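These are the residues of each chain, in order.
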Amino acid sequence: MPIDIKVPEMGESVTEATISAWTKKEGDAVKVDEVLAILETDKVSLEIPAPTSGVLKSITKKVGDVVHVRDIMGTIEEGAVASAPASSSAPAPKAETPSAQPNTGKVNEELPPAARKLIEENKLDASKITGTGRNGQITKEDVILFMEKGGASASAPKAASPEIPKAVVVSANAGPRETVVPMTKLRQTIANRLVSAQHTAAILTTFNEVDMSPIMELRNKYKDKFKETHGVGLGFMSLFTKAVVAALKAYPAINAEIRGTDIVYKNFYDIGVAVGGPKGLVVPIVRNADLLSFAGVEQEIARLAGKVKDGKISLEDMEGGTFSISNGGVYGSMMSTPILNPPQSGILGMHNIVKRAVVVNDQIVIRPMMYLALSYDHRIVDGKEAVQFLVKIKEMVEDPTRLLFEV
């Protein structure tokens, strides 16, 4: 009895996905829970496991097809065994030596759509491209790197040597002048949400700077003992997360959202932490950050970041959130104006730490300084509240004992 391979429920408001890869082909043996295919939604990638062991009997949805919840992607013959190709005792007919044929540019249809499109358009030989994706699959980045290194078209004829030397203008870029690839659903969603935020909210940004000396001294003093005790490194994110929660409690409008003609004040603190992943920036949520210890925050951030890196982040990990933190400093950013993550009303931007000359007690001293940026929705948050919110974070970072006494 064939068992259907169905598109699973993909989370609230997500109804369709694109098949980005099949890891098996028709006739292959499969084991229960073995990954058969990968779907790409507008938020994450989803692995489709085999519902049973047997043989992949049919694939009804190809790579690049858009599928919906409960669509049948293929079938598995339960309990069947993959048959080996039969050997023939009859001698094989002598093959004629074929003449050189031009490469048609048609490549393995199991490749991701973006990679396949690049290979076909540039008539590349896919067998010469090293794949770094899952199970050695060729990715878009692999194709681009191949072309940047001078990878030639499989069908490009050899040019005859000219009899008379001529001046030739050679492009510094050996690859094509333009590379056109379709946007992934994730990138489309990011683009749409950012534009929507700009059109919907009255976004304003206020800045401040913070002396990182106290927190750096505290971290250096306790980081070894902290890791020994809790099994996770002591970073800056736990302190900033706890400082944000304290500031949100003091200025609740920044933890609220506009819903129709109502203002909805949130009495919980789910903090989104922006993490760069292989498919772009995603914002997993640290749930109930106010109830977690510093170690609990660090452990949760490490867990979520690991899932992003491994491509295992789920829709549930990113749903909701009342406020976000973005740390552009890890990429060397000195200053930025972060964009809101709707329907949230605020986002904190952290930046790189730079030693600068500052005045302390009428003396010029060198201190490690960081610029902070708060972007907020001016429809719901007044400028005074935004400035005071950022000042409160500054005060707590420059005197971390305030967090212990909640003052």
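Conventions and cut-offs
Throughout, residues of each chain are indexed from 1 in the direction in which the sequence is written. Given that the model is predicted, a residue must reach a pLDDT of at least 70 before its local features are reported, and side-chain atom pairs must reach 80 or more before they are shown or counted; all residues, however, enter totals for whole chains, interfaces and linings. In computing side-chain values, all of the structure's heavy atoms are included and hydrogens and water are not. A run of H or I in DSSP becomes a helix once it reaches four residues, and a run of E becomes a strand once it reaches two; helices and strands are each numbered from the N terminus. Residues count as neighbours in contact if any of their non-hydrogen atoms are within 4.5 Å of one another. The protein chains shown are the only cover counted for residues, whose accessible areas, like all others here, come from Shrake-Rupley with a 1.4 Å probe. When DSSP finds at least two bridges between two strands, those strands are taken to pair. Every angle, taken between N-to-C directions, lies between 0 and 180 degrees, and every axis is a line fitted to C-alpha atoms, over only the stretch in contact when it is a helix. Take a side-chain nitrogen of Lys or Arg and a carboxyl oxygen of Asp or Glu: if they are within 4 Å of each other, that pair is a salt bridge. Patch membership is restricted to residues that have no salt bridge and whose relative accessible area is over 30%. Joining uses 9 Å for like charges and 5 Å for the nonpolar side chains Val, Leu, Ile, Met, Phe, Trp and Tyr. For every residue, the predictor assigns a confidence score, pLDDT, that lies between 0 and 100. Note on ring pairs: Phe, Tyr and Trp rings are taken, using the six-membered ring of Trp, and paired if centres are within 6.5 Å. Classes follow the plane angle, with under 30 degrees stacked, over 60 edge-to-face and the rest tilted. Burial classes follow relative accessibility: with a 1.4 Å probe on protein chains only, a residue under 20% of its type's maximum area counts as buried, one over 50% as exposed, and anything between as partly exposed. For a ring to carry a charge above it, either NZ of a lysine or CZ of an arginine must fall within 6 Å of the ring centroid while also lying within 35 degrees of the normal to the ring plane. In what follows, roughly perpendicular refers to angles from 65 to 115 degrees, roughly parallel to angles under 35, roughly antiparallel to angles over 145, and oblique to any angle outside these ranges. The sense of a crossing depends on the near helix, which, turned anticlockwise from the far helix by less than a right angle, makes the crossing left-handed and, turned clockwise, makes it right-handed. Polar here means any residue outside two lists: the nonpolar Ala, Val, Leu, Ile, Met, Phe, Trp, Tyr, Cys and Pro, and the charged Asp, Glu, Lys and Arg; Gly therefore counts as polar. Side-chain atoms within 4.5 Å are what join buried Ala, Val, Leu, Ile, Met, Phe, Trp, Tyr and Cys residues into a set we call a nonpolar core. Each domain's extent is set by a domain assignment, obtained either automatically or from a database. We define a polar contact as two N or O atoms separated by no more than 3.5 Å, with the added condition that, inside protein, one atom must be a possible hydrogen donor and the other a possible acceptor, whereas residues neighbouring each other in sequence contribute only through side-chain atom pairs.

Draft legend 1. A look at the overall build of the protein. When its secondary structure is counted, the protein shows nine helices and 18 strands. In the protein, the share of contacts with a sequence separation of at least 24, taken over all contacts with a separation of at least 6, comes to 64%. Of the roughly 23,300 Å² of accessible surface on the protein, a fraction of 54% belongs to carbon and sulfur atoms.

Draft legend 2. Seen up close, the sheet that holds strand β2 (residues 16-22). Spatially, four strands are ordered β5-β4-β2-β7 in an open sheet, and the strand pairing comes out antiparallel. Each edge of the open sheet is held by one strand with a lone partner, namely β5 (45-49) and β7 (66-68). Put simply, the sheet's adjacent strands are angled 40° from each other on average, direction ignored. By the bridge criterion, five bridges tie strand β4 (residues 35-40) to β5 in an arrangement that is antiparallel. Of the residues in β5, the one forming a bridge with V35 is P49.

Draft legend 3. Up close: the pattern of salt bridges. Going through the model one piece at a time under the given rule, you end up with 15 salt bridges. The shortest N-O distance in the salt bridge between R402 and D399 comes to 4.0 Å.

Draft legend 4. View of a nonpolar patch on the surface. On the surface, a cluster of nonpolar side chains totalling about 280 Å² of accessible area is made up of F207, M334 and M335. Structurally, M334 can be placed in the loop between β16 (323-327) and β17 (346-360).

Draft legend 5. Quick peek at the confidence of the model for the protein. This prediction gives the protein a mean pLDDT of 83; 82% of its residues lie at or above 70. For the stretch residues 86-107, pLDDT sits under 50, and the model shows 13 contacts to residues farther than four places along the chain or on other chains. Considering only residues more than four positions removed or in separate chains, one finds that residues 154-168, a stretch of pLDDT under 50, has seven contacts.

Draft legend 6. Local environment of the packing of aromatic side chains. For the structure shown, the criterion picks out one aromatic pair. With centroids separated by 5.7 Å and ring planes inclined at 45°, the aromatic side chains of F323 and F389 adopt a geometry described as tilted. Of the two residues, F323 is situated in strand β16 and F389 in helix α8 (residues 383-398); the sequence distance between them amounts to 66 residues. Exposure class is identical for F323 and F389. Each is buried. Over the ring of F236 we find R219, and its NZ or CZ is 5.6 Å from the ring centre.

Draft legend 7. Seen up close, the packing of helix α5 (residues 237-250) against helix α6 (residues 294-309). Relative orientation of the contacting elements α5 and α6 amounts to 115°, with a least axis distance of 9 Å. Of the possible angle classes, the one that applies to α5 and α6 is roughly perpendicular. Here the hand of the crossing between α5 and α6 comes out right-handed. Contact with α5, carried on its side by M237, S238, L239, T241 and K242, involves F294, V297, E298 and I301 of α6 and no other residues of that element. Residues of the contact of α5 with α6, tallied by class, amount to five nonpolar, two polar and two charged.

Draft legend 8. Structural detail: the nonpolar core. Membership of the largest hydrophobic core comes to 67 residues, with the highest contact counts inside it found for F323 and I393. Broken down by element, the residue count for this core peaks at eight residues, all from α5. If you count residues domain by domain, this core takes at least three from each of domain 1 (2-78) and domain 2 (187-404). Residues I119, L124, I129 and M147 belong to the second largest nonpolar core, which totals 10 residues.

Draft legend 9. Highlighting the sheet that holds strand β9 (residues 203-211). Taken in spatial order, the six strands make up an open sheet running β9-β18-β17-β16-β12-β15, and their pairing is mixed. Of all the strands in the sheet, the pair left with one neighbour each is β9 and β15 (285-286). One ladder, built from two bridges, connects strand β12 (residues 271-273) with β15; its direction is antiparallel. Looking at β15, one finds that G272 is bridged to I285. Where helix α4 (residues 213-230) meets the sheet, its contacts fall on β9, β17 and β18 (363-377), and the angle it forms with β18 comes to roughly 100°.

Draft legend 10. Region of interest: the environment of D65. Along the chain, the position of D65 falls in the loop between β6 (54-59) and β7. Setting aside anything within four residues of it in sequence, one finds D65 in contact with A17, T18 and I19. Of note is the side chain of D65, whose polar atom sits 2.7 Å from the backbone nitrogen of K62.

Draft legend 11. Structural context of the side chain of D211. For D211, the location among the structural elements is in strand β9. Apart from residues no more than four positions distant in its own chain, D211 is found in contact with R367, P368, M369 and E398.

Draft legend 12. Local environment of unusual backbone geometry. Between P342 and the following residue, P343, the backbone shows a cis peptide bond with an omega angle of 5°. Among the secondary structure elements, P343 is positioned in the loop between β16 and β17. Despite not being glycine, D33 has its phi angle at roughly 75°, a positive value. Tracing the chain through its elements places D33 in the loop between β3 (29-30) and β4. Phi at R70 takes a positive value of approximately 75°, unusual for a residue other than glycine.

Draft legend 13. Structural view of the pairing of strand β10 (residues 256-259). Pairing between β10 and strand β11 (residues 262-265): four bridges, direction antiparallel. Looking at β11, one finds that I258 is bridged to I263.

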